[in-house]
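Descriptive structure summary
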2 protein chains.
Amino acid sequence: MTAAQRAHVRVRIDFDAGPSIGPGKVALLEHIDSSGSLSQAARDLGLSYRRAWNLLDDLNHAFSEPVVATVTGGARGGGARITPFGRKIVERYRKVEKLAEQAADRHFKALMAVRGATPEVRGKLRRPLARPLKGA
Amino acid sequence: MTAAQRAHVRVRIDFDAGPSIGPGKVALLEHIDSSGSLSQAARDLGLSYRRAWNLLDDLNHAFSEPVVATVTGGARGGGARITPFGRKIVERYRKVEKLAEQAADRHFKALMAVRGATPEVRGKLRRPLARPLKGA
């Protein structure tokens with residue numbers, strides 16, 4: 001293991017009242033923000049339109065304010081726009097994620113530093129599991 | 001939303017080199033620790049023995065030291081025991097999780113506090129999504 005070894009953290013936040021936010025919904029909001037279109041965001045993420053719409057509907061149920069609003073008319077013929085409230089949700093989620101990542105880096109660095117043995121040596125160290133655990 | 005509203009966070013940590021730790025593997029280690037048996041831990045968690053064994057094998061590949069060792073003989077006829085290294089992994093994971101949860105509580109409190117409108121009012125606020133977004 002090199003010093004460049006880093007932890008990547010995925011965080012899912014569930015609230016008592018039912019709503020939840022994870023990497024999928026947050027990525028959807030970010031793609032709506034950049035494309036101004038739910039269809040385009042769905043395509044970007046390889047989701048069906050229905051799936052994307054449902055994720056968005058979940059989010060709009062989760063909070064007291066809408067995270068995305070539809071826009072009608074205009075040069076581009078309408079679309080979906082993230083609201084300032086929705087943008088705040090994204091920013092705070094990314095903040096929590098970053099803090100968790102820093103904590104993971106900090107707390108696992110010492111444990112991961114033990115790594116670096118060759119695969120052969122690691123094979124030896126792992127021997128206990130090479131025995132069948134059946135019935136253990 | 002009441003003041004008792006809290007965030008529950010699930011964290012998955014992926015390391016550059018491939019290993020990953022999430023709620024499932026950590027719960028497995030904790031159940032092995034309390035039962036001294038992989039079969040029992042699998043039953044507790046509603047996993048097949050094969051699935052539990054594979055999760056454990058992943059973990060023993062992930063780090064340079066084994067997280068669980070088999071014990072043969074003795075009054076209970078052997079079993080699986082978490083190693084001190086494995087216990088350290090669990091403790092640090094729970095620490096990272098707790099930090100993420102505190103951060104989520106802190107960062108979302110203000111946003112969630114907006115909640116508390118009646119379902120009727122929330123229905124109104126959500127109106128933008130009630131319109132079909134098809135083609136947006």
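Residues numbered from 1 in each chain as written. Chains lettered and ligands numbered in written order. Predicted model: local features only at pLDDT ≥ 70, side-chain atom pairs only at ≥ 80, totals over all residues. Heavy atoms only, no water.

Brief notes about the overall build of chain A
Our working rule: Here a strand is any run of E in DSSP of at least two residues, a helix any run of H or I of at least four, and the numbering for each starts at the N terminus. Whether a residue is buried, partly exposed or exposed follows from its accessible area with a 1.4 Å probe, protein chains only, as a fraction of its type maximum: under 20%, in between, or over 50%, in that order. Contact definition: two residues touch when any of their heavy atoms are within 4.5 Å. For every accessible area listed, the method is Shrake-Rupley and the probe measures 1.4 Å; residues are considered covered only by the protein chains on display.
Scanning chain A from terminus to terminus reveals six helices and four strands. Secondary structure of chain A in N-to-C order comes out as β-β-α-α-α-β-β-α-α-α. The buried share of chain A, taken over its 136 residues, is 48%. Of all intrachain contacts in chain A linking residues separated by at least 6 positions in sequence, the fraction that spans at least 24 positions is 49%. By element, 52% of the accessible surface of chain A is carried by carbon and sulfur atoms, the whole surface being about 6900 Å².

Topic: the side chain of E97(B)
All names here are of chain B. Cut-off, in case you're wondering: N or O atoms within 3.5 Å of each other form a polar contact, as long as, within protein, one can give a hydrogen and the other can take it, and as long as residues adjacent in sequence are counted only when both atoms are side-chain atoms.
Along the chain, E97 turns up in helix α4 (residues 84-113). Separated by 2.9 Å, the side chains of E97 and R94 make a polar contact. Not counting chain neighbours up to four residues away, the residues in contact with E97 comprise V9 and V11.

Considerations on the layout of surface pockets
Here the idea is plain: a probe the size of a water molecule rolls over the atoms and shows the empty space left. Going by this rule: The pocket and cavity definitions rest on a 1 Å grid over protein atoms only: a 1.4 Å probe that fits but cannot leave marks a cavity, an open set with protein on both sides within 12 Å along at least five of seven lines marks a pocket, and residues lining either have an atom within 4 Å of a point. Grid points are joined across faces, edges and corners, and a volume is the space filled by probe spheres set on the points. Classification used: nonpolar for Ala, Val, Leu, Ile, Met, Phe, Trp, Tyr, Cys and Pro, charged for Asp, Glu, Lys and Arg, polar for all others including Gly.
Estimates place the volume of the second largest pocket at around 150 Å³. If you go around the second largest pocket, the residues you meet are R10(A), V11(A), R12(A), P23(A), R10(B), V11(B), R12(B) and P23(B). The set of elements that each furnish at least two residues to the lining of the second largest pocket consists of β1 (7-15) of chain A together with β1 (7-15) of chain B. Across the lining of the second largest pocket, the residue classes tally to four nonpolar, no polar and four charged.

Re the pattern of salt bridges
Residue and element names in this part refer to chain A. Filter applied, for reference: When a carboxyl oxygen of Asp or Glu is within 4 Å of a side-chain nitrogen of Lys or Arg, the pair counts as a salt bridge.
Here the structure, examined in full by the defined rule, presents 14 salt bridges over all chains. With its nearest N and O atoms 2.6 Å apart, the salt bridge here joins D33 to R87. With D33 in helix α1 (residues 23-35) and R87 in helix α4 (residues 84-113), this pair connects stretches of sequence that are 54 residues apart. We classify R87 as partly exposed; its relative accessible area is 36%. A salt bridge links E97 to R94; its shortest N-O distance comes to 2.9 Å.

Focus: the nonpolar core
Our working rule: Within this scheme, the nonpolar core is defined by two criteria: the residues are buried Ala, Val, Leu, Ile, Met, Phe, Trp, Tyr or Cys, and they are joined through side-chain atoms within 4.5 Å.
Among the nonpolar cores identified, the biggest contains 68 residues, and I13(A) and I13(B) are the most heavily contacted of them. With residues up to four places along the chain from it excluded, the contact list for I13(B) reads A7(A), H8(A), V9(A), A104(A), F108(A), P19(B), S20(B), I21(B), Y93(B) and V96(B).

Topic: the confidence of the model for chain A
All names here are of chain A. Spelled out, the test is: Scored from 0 to 100, pLDDT reflects the predictor's confidence in each residue.
Looking at chain A as a whole, its pLDDT mean stands at 78, while 74% of the residues score no less than 70. Mean pLDDT across the secondary structure elements of chain A bottoms out at helix α5 (residues 119-125), with 36, and peaks at α1, with 96. Scored below 50 in pLDDT, residues 114-136 makes 41 contacts in the model with residues more than four places away or belonging to other chains. With a pTM of 0.75, the predicted complex shows an ipTM of 0.73.

Describing helix α2 (residues 38-45) of chain A
Helical geometry note: an α-helix holds 3.6 residues per turn, so side chains three or four residues apart project in the same direction. Residues and elements named next belong to chain A. The line we're drawing: Think of the arc as the fan of directions from the helix axis to the C-beta atoms.
Buried residues of α2: L38, S39, A41 and A42, and no others. Down the axis of α2, the smallest arc covering the buried residues is 165°, so these residues share one side. Looking at where α2 begins, the residue whose side-chain oxygen comes 3.3 Å from the main-chain nitrogen of S39 is S37. Just beyond α2, the residue with positive phi is G46, at close to 70°.

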